[in-house]
Amino acid sequence: MATIDADNRREIARLPSRPISLEDRYDPPANFLEIEVLNPETHGFGNKRYTDYEIRMRTNLPVFRLKECSVRRRYSDFEWLRKELERDSKIVVPSLPSKAWQRQVPAFLRRDDGIFEDEFIEERRKGLEQFINKVAGHPLAQNERSLHVFLQDTTIDHDKYVPGKVRNS
């Protein structure tokens, strides 16, 4: 078996690197996108209850018109985003945390608070945060109008929404 001498092969040789100063190591990154899912709130009574989450975004990416924003979204809004991305983008869209059908059994048949239990809400919050960070971190998804509407518009108007791409301005 022949061995390849990496020093003699230009196409696989390492590029020369420059030393990085201590200041450069701790400077803010050139491009960043931070998204948090936090502050879950449950609204309504009886079978009209729902939980929404604050979505807080900070970025310096030029594709986003707002550099800092905060919106509230329900699980169904995450489902809408996933459906739009699957239809319009060329990325493999990660799955959402499960719908928890067992927890949606009528209250008189359960011994717990179902989908409104703090432990379940926290697990779902973590899953939703993981989902949105995977999606928003993908360069192709960052150009999708649905992602921008989801992250930056106060409300999602399904009747007026038009799928498409966002252009850098």
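Residues numbered from 1 in each chain as written. Predicted model: local features only at pLDDT ≥ 70, side-chain atom pairs only at ≥ 80, totals over all residues. Heavy atoms only, no water.

- Going by an unreviewed UniProt entry, the protein carries the name Sorting nexin-3 and comes from Rotaria sordida.
- Database annotation for the protein, UniProt heading Sequence similarities (unreviewed entry): "Belongs to the sorting nexin family."
- For the record of the protein, the UniProt heading Function (unreviewed entry) holds the text "Required for retention of late Golgi membrane proteins. Component of the retrieval machinery that functions by direct interaction with the cytosolic tails of certain TGN membrane proteins during the sorting/budding process at the prevacuolar compartment. Binds phosphatidylinositol 3-phosphate (PtdIns(P3))." (UniProt positions renumbered as here; feature names shortened; annotations may be inferred.)

### Digging into the pairing of strand S1 (residues 33-43)
Now for step 1: As defined by bridge partners, S1 adjoins strand S2 (residues 50-59) across nine bridges and the pair is classed as antiparallel. Across the sheet, Thr42 pairs through a bridge with Thr51, a residue of S2.
Now for step 2: Between S1 and S2, which pair antiparallel and follow one another directly, the connecting turn spans six residues, one of which, Gly44, has a positive phi of 85°. (Pairing = 2+ DSSP bridges. Helix = DSSP H or I, 4+ residues; strand = E, 2+ residues; numbered from the N terminus.)

### Quick word on the pairing of strand S3 (residues 68-74)
Now for step 1: By the alternation rule, side chains of S3 split into Cys69, Val71 and Arg73, which are all buried, and Glu68, Ser70, Arg72 and Arg74, of which none is buried.
Now for step 2: Examined bridge by bridge, S2 and S3 share seven bridges and lie antiparallel to one another. Of the residues in S3, the one forming a bridge with Asp52 is Arg74. (Buried < 20%, exposed > 50% of the residue type's maximum accessible area, 1.4 Å probe, protein only.)

### With respect to the sheet that holds S2
Now for step 1: Read from one edge of the open sheet, three strands run S1-S2-S3, paired in antiparallel fashion. Every interior strand has two partners, whereas the edge strands, S1 and S3, have only one. If you compare each strand with its neighbour and ignore which way they point, the axes differ by 20° on average.
Now for step 2: Against the sheet, helix H3 (residues 118-136) contacts S1 and S2, and its axis sits at roughly 150° relative to S1.
Now for step 3: Sitting on the sheet, helix H4 (residues 145-152) is in contact with S1, S2 and S3, with an inclination near 95° to S3. (Axes fitted to C-alpha atoms, helices over the stretch in contact; angles between N-to-C directions. Contact = heavy atoms within 4.5 Å.)

### Structural notes on the pattern of salt bridges
Now for step 1: Considering all chains together, one arrives at 13 salt bridges under this definition.
Now for step 2: Between Glu84 and Lys83 there is a salt bridge, and its shortest N-O distance comes to 3.7 Å.
Now for step 3: Residue Glu84 is classed as buried on the basis of its relative accessible area of 4%.
Now for step 4: Residues joined by salt bridges that share partners form a network here, namely Lys83, Glu84, Arg87 and Asp88. (Salt bridge = Lys/Arg side-chain N within 4 Å of Asp/Glu carboxyl O.)

### Quick notes on the nonpolar core
Now for step 1: Counting residues in hydrophobic clusters, the biggest one holds 31 residues, and the most contacted among them are Phe78, Ile132, Phe150 and Leu151.
Now for step 2: Counting only elements with at least two residues in this core, the list comes to S1, S2, S3, helix H2 (75-88), H3 and H4.
Now for step 3: Looking at which element gives the most residues to this core, the answer is H3, with six residues.
Now for step 4: If we ignore the near neighbours within four places in the chain, the residues touching Ile132 are Ile35, Val37, Phe78, Leu81, Leu147, Phe150 and Leu151. (Core = buried A, V, L, I, M, F, W, Y, C linked by side-chain atoms within 4.5 Å.)

### Section: the confidence of the model for the protein
Now for step 1: Scored by pLDDT, the protein comes out at a mean of 83, with 79% of its residues at no less than 70.
Now for step 2: Taken element by element, the predicted model of the protein shows its lowest mean pLDDT in helix H1 (residues 22-26) (72) and its highest in S3 (96). (pLDDT = per-residue confidence, 0-100.)

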